[in-house]
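Chains, contacts and geometry: an overview
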Amino acid sequence: MSLILQLLNSVMPSHSRIFNHFEWAQDQVTTLGNFKMKCKHCSREVSGSYKATSNFFTHMKRHHADIHQVLKEPLLAETTKVKPTVHRYVNPQQAAWKPTDPRQQVLTDSLVNFLTHSLQPLSRVEDPSFKTLLKLAQPSFVLPTQKQLSCVLLPAKTTSLHVTISSQLAKIQGLCVTVSIWSSKDTPSFLGITGHYIHNFKIKHVMLAFKRIDSSANAESIVLFYQQVLCRFGIEDKVVIVVVNHASRKLSVTLPGLEQQYAYENDNSAEFDTNVDLTYLPQSLNCFSHTLHLVVQDGLKHAGEMSGIISKANSVVNYLNQLSLESGNCEGESKKQCPDAVRWNSQLKMLRSILKTNQSDLEQFEIPDKLTMYELNIIKDIVEILSPFELAADQTEKDSQVTASCILPCIRGLRAEMDELSNTYKSQMVSTLKASINCHLTKYEHEEAFTLAAALDPRWKLDWCTVEEASNIKQILTNKVSALAMTITETSTADELSSPPKKRSSLFRFMASDSHRLQFPTATATLSQVESYFSQPSIPEDADPLAFWEQHQVTLPQLAQLASMYLPTPASSAPVDHLFSVDCKAFQPEKYSFSNAMFEELMFIRCNGQLNC
C-alpha cells in the first residue's frame, strides 16, 4: 500500500498532504481507480479516486475544520512564517465531555487540587487566558464556572474528605491532637487543629480544622471550638494527649556572637502575641522541641567569652566558603558547613566543620583573622557541651517517624551527659543547663502518655528507667491490656530471648550501664503479653518500631493496640509544619478577597489532599 501511496503522491503533488490524514480501509482493493480510505481522526470511511480528492477535503472541512484550515493554505506557514493561532489547533465542533465521563471527572478533580494547593482565587476559571490554555490542552474538557466550584465542587470535596477522615478515625483506639496558632505582626492569625494517629502501622497526619482568629480570641472560645471539632469527628473519647504549639513564640535560638547577623531572619517571624494560653486545653502539654530550645537558650545566656570566638569562627567559615565559590570548587571537603542557618544546632555543625578541618590546611589561606589554638579549644568545648542537645533535637524533630517515645530517653540521656560534663567543666553554662533541664523537662517525665510511649517503643522498652519505675509501668500496661481484652498468654521463642543487647549511641549510652539494665524473670513457656514483650531484648536504635508491632500484632494484639495509641504523638511541630506547609506569605486571604469560610475550606482540602477519598 505504501507503493500506491507514493504513486498517488507523485500523480497529485499539490494534494498529497491530504492522504497523510487517511489510511486504507480494511479489505479494500487498492487500485488506481475508485477506492475507500479511513480517516485517522474519526475512523469514518470516505470514497475517492486518484483523479478527485474533493471528498477527502469535504470530510476534513465538515468534521475537522482546524486541520482543513491548515490544508487549505499549505504554503502559508512555510513562505510567510505566519505564527499559527490557537484556533487553528482547536476544533470547535469537537464533542464536549459529559459530567459523568471519567476523563472530565479526573481533570475537574485536578483543577480543584491546583486551586486549593496554591490557594488560587476561584475567579481564575473565568480568566480568558486560563480558559484558552485549557481549551488548547483539552478541547473536550468543560471548565467549571466559579459558582460551580464554590457551591458544588468544593463542598463535595470537603464532604468526601470529611467522610474519609471520620471513617479512619472510627477504626483507631486513640490519637494525639495538636493545637497550633500561627500569628505575626504582618499576617492574620490562624488556629489549626491536627490529628496524629497510626493506620496500618504508618503514622498519619490529618488537618481536622483551620480557623482564622483575631485579637478577640480567648482561651474559652478556643476550647469551645476545639470541643466542637472533636464532636464533629466523633473522637471525644479517643484523645490520648493534646500538644500545643504557638508558632508566634517559636524560638530562633542562635549561638552567642551571631545574634546581630541573624536579626533580620528572626524579625521575619516577628511576634504578635494573641495572649491565648493553649495549655488551658484538657490533657495538654507544650511542644517538647520548643521546650528543649528553651533549655539551650538558658545555657547560652552564660556563654561568657565564647561570643567573640564564635563570631570570629563564623567569619572564617564565610571567608573559606567565598574562596570556594570564586574557585568554582563548591563540593567536597573544601566547602565548609554553610553558616546561613539561624538555629543554634545548625550553627553548631558549622563550628564542628572547623574542628574537622586540618589546621595545617588552613595555614595556606590568607585568612584575615585566624583562630588561635586557645580559641579552637574553646570551640571544642562548646561543641562538646551542646552536642547532647543537638542529638536530642535531631532525635525528636523527625517528620512521619516515631518521636514521642524518644522524649524520656532523651531527658535521661541529657541528665547523664550533663552530670558527666560537670566533672570536666566547672562553668556556669553547664550548671545552668542542668538546672534548666530539671526546670523545663521534668513535667514530661510525669506524663503517662510519654512514659508508655517510651516503654512501648521496642528500641527502648524499660532500659531508660529505674527498677521502681519499670515495675509501675508494667502494672499500668497490664491493667490496660486487661481493659482491652482478657489476659492472653503467648509463647516466646528461645531465639528471641537469647539475642545480645544492642549497642547504644552516645546520648543513650547510660542505658548500657549495669544500673540501668533491668533484669527480668526467665521466660516460661507461656507469659502474659506484658512479660513476653519485656523479656525480649530491645531492637536496634535505627530500626522502625512500627514495623516491630506490625510483625507482632498477632502474638501481642492488645499491646500493639496500645502502641498505636501512644506512639504517633509528635515531639516537635515538624509534622504539623509539613502538613500545613507554613508560609506566612501564603496565609493572606485578603490578598484574593477570600471569605473566612472559603479560605478555611480551601485549607482543609489543601492539607488533606494526600488522603484517598
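Quantities reported herein were computed from a predicted structural model and do not represent experimental measurements. (Residues numbered from 1 in each chain as written. Predicted model: local features only at pLDDT ≥ 70, side-chain atom pairs only at ≥ 80, totals over all residues. Heavy atoms only, no water.)

**Some remarks on the overall build of the protein chain**
Defined as follows: Put simply, DSSP marks the helices as runs of H or I at least four residues long and the strands as runs of E at least two long, and each gets a number from the N terminus on. Exposure classes here rest on a 1.4 Å probe applied to the protein chains alone. A residue is buried below 20% of its type maximum, exposed above 50%, and partly exposed in between. Pairs of residues are marked as contacts when any of their non-hydrogen atoms sit within 4.5 Å. To measure how exposed things are, a 1.4 Å probe is used in the Shrake-Rupley method; for residues, cover is taken only from the protein chains shown.
When helices and strands are tallied, the protein chain shows 25 helices and ten strands. The burial tally for the protein chain puts 47% of its 613 residues in the buried class. Residue pairs in contact within the protein chain that sit at least 24 positions apart in sequence constitute 72% of those at least 6 positions apart. Split by element, the accessible area of the protein chain, about 30500 Å² in all, is 52% carbon and sulfur.

**Let's talk about the sheet that holds strand 3 (residues 45-49)**
This is how it is decided: A pair of strands counts as paired when DSSP detects no fewer than two bridges linking them. Here, axes are lines fitted to C-alpha atoms. For helices the fit covers the stretch in contact, and angles between N-to-C directions go from 0 to 180 degrees.
Reading across from one edge, 1-2-3 is the order of the three strands in this open sheet, with antiparallel pairing throughout. Only two strands of the sheet have a single partner each, and these edge strands are strand 1 (22-24) and strand 3. Averaged over all neighbouring strand pairs, the angle between strand axes comes to 45°, with direction disregarded. Packed on one face of the sheet, helix 2 (residues 54-63) meets strand 1, strand 2 (34-39) and strand 3 and runs near 150° to strand 3.

**Focus on the side chain of S572**
We apply this condition: Within 3.5 Å is the distance limit for a polar contact, defined as a pair of N or O atoms, with the added protein rule that one can donate a hydrogen and the other accept it, and that residues adjacent in sequence qualify only through two side-chain atoms.
Mapped onto the elements, S572 comes out in the loop between helix 23 (557-566) and helix 24 (574-580). Residue S572 is classed as buried on the basis of its relative accessible area, which comes to 5%. Polar side-chain contacts of S572 include one of 3.5 Å to the backbone oxygen of T396. Ignoring anything within four residues of it in the chain, the contact list for S572 reads C287, S289, T396 and E397.

**Focus on the pattern of salt bridges**
Quick reminder of the rule: Here, a salt bridge means any side-chain nitrogen of Lys or Arg that lies within 4 Å of a carboxyl oxygen of Asp or Glu.
Counting across every chain of the model gives 15 salt bridges. Between K301 and D298 there is a salt bridge; the shortest N-O distance is 3.7 Å. Three or more residues are tied together by salt bridges with common partners; here these are K349, R352, E390 and D394.

**Structural notes on the packing of helix 12 (residues 344-356) against helix 14 (residues 373-396)**
What counts is decided by this rule: By definition in this entry, angles of less than 35 degrees are roughly parallel, angles greater than 145 are roughly antiparallel, angles of 65 to 115 are roughly perpendicular, and the rest are oblique. Left-handed describes a crossing whose near helix is turned anticlockwise from the far helix through less than a right angle; right-handed describes the clockwise counterpart. When residue character is reported, Ala, Val, Leu, Ile, Met, Phe, Trp, Tyr, Cys and Pro are called nonpolar, Asp, Glu, Lys and Arg charged, and the others, Gly included, polar.
Taken N-terminus to C-terminus, the directions of helix 12 and helix 14 make an angle of 135°; their axes are 9 Å apart at the nearest point. Judged on the interaxial angle alone, helix 14 and helix 12 are oblique. For helix 12 against helix 14, the interelement crossing comes out left-handed. Facing helix 12, whose interface residues are W344, N345, L348, K349, L351, R352, I354 and L355, helix 14 presents L376, I379, K380, I382, V383, L386, S387, F389, E390, A393 and D394. When its residues are assigned to classes, the contact of helix 12 with helix 14 shows twelve nonpolar, two polar and five charged.

**Examining helix 2**
In plain terms, the rule: In this description, the arc belongs to the directions extending from the helix axis to the C-beta atoms.
Every buried residue of helix 2 is accounted for by F56, H59 and M60. Taken end-on, helix 2 shows its buried residues confined to a sector of 95°, consistent with a single buried face. Facing away from the buried side of helix 2 by over 90 degrees, the exposed positions are K61 and R62.

**Comments concerning the sheet that holds strand 4 (residues 175-182)**
Read across the open sheet, the five strands follow the order 6-5-4-7-8; overall the sheet is mixed. If you trace the sheet from one side to the other, it starts and ends with strand 6 (202-213) and strand 8 (284-286), each paired once. Within this sheet the neighbouring strands show an average axis-to-axis angle of 25°, counted without direction. Judged from the eleven bridges that link them, strand 5 (residues 189-199) and strand 6 form a sheet pairing that is antiparallel. By the bridge assignment for strand 6, F190 is matched with R212.

**Topic: the nonpolar core**
The condition that has to hold: Remark: nonpolar core denotes a set of buried residues (Ala, Val, Leu, Ile, Met, Phe, Trp, Tyr, Cys) joined through side-chain atoms within 4.5 Å.
L351, L386, F389 and W549 are the most contacted members of the largest nonpolar core, which totals 94 residues. At ten residues, helix 14 tops the list of elements feeding residues into this core. Formed by 54 residues, the second largest nonpolar core is a distinct cluster that contains I165, A217, I222 and C607.

**What about unusual backbone geometry?**
Phi is positive for L119, close to 50°, though the residue is something other than glycine. Within the secondary structure, L119 sits in the loop between helix 5 (102-117) and helix 6 (128-137). The exposure class assigned to L119 is buried, which follows from its relative accessible area of 4%. Within the chain, K461 stands out as a residue other than glycine whose phi angle is a positive 50°. The topology assignment puts K461 in the loop between helix 18 (448-455) and helix 19 (467-484).

**Concerning the packing of helix 10 (residues 288-300) against helix 14**
If you want to describe how two helices pack, look at the angle between their axes and the distance between the axes. At their nearest, the axes of helix 10 and helix 14 sit 10 Å apart, and the two run at 165° to each other. By the angle between their axes, helix 10 is roughly antiparallel relative to helix 14. Note that helix 10 runs across helix 14; the crossing there is left-handed. Of the residues in helix 14, those touching helix 10 at F288, L292, V295, V296 and L300 are L386, F389, A392, A393 and T396.

**Examining the pairing of strand 2**
When a strand is regular, its side chains alternate between the sheet's two faces. Strand direction decides the pairing type here: strand 1 and strand 2, joined by three bridges, are antiparallel. Bridge pairing links E23 to K38 in strand 2. Bridge analysis of strand 2 against strand 3 gives five bridges, and the strand direction is antiparallel. Within the sheet, the bridge partner assigned to F35 lies in strand 3 and is G48.

**Points about the confidence of the model for the protein chain**
The condition is simple: Confidence scores labelled pLDDT are given residue by residue by the predictor and lie between 0 and 100.
Put simply, the protein chain has an average pLDDT of 79, and 75% of its residues get 70 or more. For the protein chain, per-element mean pLDDT is lowest for helix 20 (residues 494-497), which scores 39, and highest for helix 22 (residues 545-551), which scores 96. pLDDT under 50 marks residues 487-500. Its contacts with residues more than four places away, or in other chains, come to 30 contacts. Below pLDDT 50 for its whole length, residues 520-526 participates in eleven contacts with residues either more than four positions away or in separate chains.

**Overview of the state of the cysteines**
Threshold: Working definition: a disulfide is two cysteine sulfur atoms within 2.5 Å of each other.
Per the counting criterion, the structure on display carries zero disulfides. Free of any disulfide, C406 has its nearest cysteine sulfur in C410, 5.8 Å distant.

**Overview of the packing of aromatic side chains**
For clarity, the threshold we go by: The criterion for an aromatic pair is that two Phe, Tyr or Trp rings (for Trp, the six-membered ring) have centres within 6.5 Å, with stacked assigned to planes under 30 degrees apart, edge-to-face to planes over 60 apart and tilted to the rest. Look at NZ for Lys and CZ for Arg. If either is within 6 Å of the ring centre and within 35 degrees of the ring normal, a charge sits over the ring.
Taken as a whole and judged by the stated rule, the model has eleven aromatic pairs. On the numbers, 6.4 Å between centres and 10° between planes, the contact of F114 with F130 is stacked. Taken together, the positions of F114 in helix 5 and F130 in helix 6 put the pair 16 residues apart, joining distant regions of the chain. Between Y444 and F450, the ring centres sit 5.9 Å apart and the planes meet at 50°, which makes this aromatic pair tilted. Of the two residues examined, Y444 and F450, each falls in the buried class. Seen from the ring of F225, K211 lies directly overhead, with NZ or CZ sitting 5.3 Å from the centre.

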